[in-house]
Amino acid sequence: MSYARFAAMIVTSVIVMFILMYLNTYAWEHLFFSETRAYMAVLMGAAMAFVMLGYMAAMYSSRAINIAIFAGSAVVFAVSLWLVRSQATVGGESYMRAMIPHHSIAVMTSERAGIRDARVKKMADGIIAAQQKEIAEMRALIADLEAGNVVTSIYEDQAPRPGTVADALANTLLADLDPVPLTESEARQVLPDDAFCTFRRTAAAEPILWATESGTTAAAKLNGVILTLEPGGQQGAFAADGMSLTVKLLEDPDWRADSELTFVLEPGPTASYRGFWSCDG
């Protein structure tokens, strides 16, 4: 067997392993190139080259080339492991591209596991909601950073202070507030019987915004309260006292997202999410 064939086998294996690492993502829109996964594929390829040549050394006649392959595999393994562990080449955008498929795995396993215990089910539902929210937010942040927008400060809650349990129950941490998914039956409690448009963080998730197709009113859920929102003065904008939700259709929609929702709480956080806007009509 030739050394060229051996090299082709290792390179092919690295590419296949890199692709296979994405097969447990939850949705297609969660597929992003990940430097960390690429390093892991190379690391596994180096280990495979070392092990395979160890078993098949008798098939390759050049002792010098075999030693070079063993040494090279060890070096590639060490460098790849260092890159994975140190994250030396990973910046903000590449970090989020790696985290999106990682979060997607958590959504897939949490949603499809056969869970009977109510406590574990509650935990899994919380993981699903949190990961879907963060995926949509990271998609928006990636686009914003690619456009050259870098933010150096964000809203922060006041520092913790001594108090009682009653104080803790009465305290709302604004930085943690965020629109959460609400069902159609919940939305219909405050909306008229009409055709709806909805914004979903992922294609399979419950909407976080319901709006009448005419744009006259909308509904969202914040901190356990279903809110009625009125038109906010511009296309796709809805607001209530101290809060606004604005949906902007993307100029270049694709299979990952067709719109972006911006959530503003005053005083409090501002966040954007990329997802899907659809209407009944």
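Bear in mind that the values here come from a model prediction, so they are computed numbers and not experimental data.

Calculation notes
- Every residue gets a number counted from 1 within its own chain, in the order that chain's sequence is written.
- Side-chain atom pairs in this predicted model are given and counted only at pLDDT of 80 or more, local residue features only at pLDDT of at least 70, and totals for whole chains, interfaces and linings cover all residues.
- Side-chain calculation: all heavy atoms of the structure are included, whereas hydrogens and water are not.
- Side-chain rings of Phe, Tyr and Trp, where Trp is taken by its six-membered ring, are said to pair if the distance between their centres is within 6.5 Å; with planes under 30 degrees apart they count as stacked, over 60 as edge-to-face, and otherwise as tilted.
- Summary of the burial criterion: residues with accessible area below 20% of their type's maximum are buried, those above 50% are exposed, and those between are partly exposed, where the area comes from a 1.4 Å probe applied to protein chains only.
- We count a charge as sitting over a ring when the NZ of a lysine or the CZ of an arginine lies within 6 Å of the ring centre and within 35 degrees of the ring normal.
- For two strands to count as paired, DSSP must find a minimum of two bridges between them.
- A run of H or I in DSSP counts as a helix once it spans at least four residues, and a run of E counts as a strand once it spans at least two, with each numbered from the N terminus.
- We define the nonpolar core as a collection of buried residues of types Ala, Val, Leu, Ile, Met, Phe, Trp, Tyr and Cys that are connected through side-chain atoms lying within 4.5 Å of one another.
- Two residues form a contact once any of their heavy atoms are found within 4.5 Å.
- Only the stretch in contact is used when a helix axis is fitted, and all axes are lines through C-alpha atoms; the angle between N-to-C directions ranges over 0 to 180 degrees.
- A pairing counts as a salt bridge when a side-chain nitrogen of Lys or Arg comes within 4 Å of a carboxyl oxygen of Asp or Glu.
- A helix's residues, less one, multiplied by 1.5 Å, set its expected span.
- Think of a polar contact as two N or O atoms within 3.5 Å of one another; within protein, one of them needs to be a possible hydrogen donor and the other a possible acceptor, and neighboring residues in sequence only count if both atoms come from side chains.

I'd like a rundown of the packing of aromatic side chains, residues and numbers included.
Within this structure, the stated rule accounts for 6 aromatic pairs. Geometrically, the ring pair formed by Phe 18 and Tyr 22 is edge-to-face, given 5.3 Å between the ring centres and 75° between the ring planes. Both residues of the pair, Phe 18 and Tyr 22, belong to the buried class. One aromatic cluster in this structure is built from Tyr 3, Phe 6 and Tyr 60. When the ring centre of Tyr 22 is taken as reference, the NZ or CZ atom of Arg 37 above it lies at 4.8 Å. Arg 256 extends its terminal NZ or CZ atom over the ring of Phe 32, reaching a point 3.7 Å from the ring centre.

Let's hear about the pairing of strand β5 (residues 237-240): which residues, and what values?
Direction of pairing for strand β4 (residues 225-231) relative to β5: antiparallel, over a ladder of 2 bridges. Each residue of the ladder has a partner; that of Glu 230, found in β5, is Ala 239. Between β4 and the antiparallel strand that follows it, β5, lie 5 residues; Gly 233 among them carries a positive phi value of about 100°. Note: β5 against strand β6 (residues 243-249), 4 bridges, orientation antiparallel. Following the sheet pairing, Ala 239 is matched in β6 by Ser 244.

Please provide a residue-by-residue account of the nonpolar core, values included.
Leu 209, Leu 229, Leu 245, Leu 261 and Phe 263 are the most contacted members of the largest nonpolar core, which totals 19 residues. Mapped by element, the contributors of at least two residues to this core are β2 (209-212), β3 (218-222), β6, β7 (259-265) and β8 (270-279). Not counting chain neighbours up to four residues away, the residues in contact with Leu 245 comprise Pro 179, Leu 209, Ala 220, Leu 229, Gly 236, Ala 237, Phe 238, Leu 261, Thr 262 and Phe 263. One finds Phe 6, Ile 10, Tyr 22 and Ala 49 within the second-largest nonpolar core, a separate group that totals 13 residues.

Could you give an account of the sheet that holds β5, naming the residues involved and the relevant values?
Here we have 8 strands rolled up into a closed barrel, ordered β1-β2-β3-β4-β5-β6-β7-β8, and antiparallel in their pairing. Strand-to-strand twist across the sheet, computed as the mean angle between neighbouring axes with direction ignored, equals 30°.

Which residues make up the pattern of salt bridges, and what are the values?
Counted according to the given criterion, the structure contains 9 salt bridges. In this structure, Arg 97 engages Glu 146 in a salt bridge whose closest nitrogen and oxygen atoms are separated by 2.3 Å. Of this pair, Arg 97 sits in helix α4 (residues 92-112) while Glu 146 sits in helix α5 (residues 118-146), and the two are 49 residues apart along the sequence.

Can you tell me about α5, naming the residues and giving the values?
Along its 29 residues, α5 runs 42 Å from first to last C-alpha, staying within 8% of the 42 Å computed at 1.5 Å per residue. By the burial criterion, the buried members of α5 are Ala 124, Ile 128, Gln 131, Gln 132, Ile 135, Ala 136, Met 138, Arg 139, Ala 140, Ile 142 and Ala 143. Residues of α5 that are buried sit in contact with α4, β7 and β8. Between a side-chain oxygen at the N-terminus of α5 and the backbone nitrogen of Arg 119 the separation is 2.8 Å; the capping residue is Asp 117. At the C-terminal side of α5, Gly 148 shows a positive phi close to 95°.

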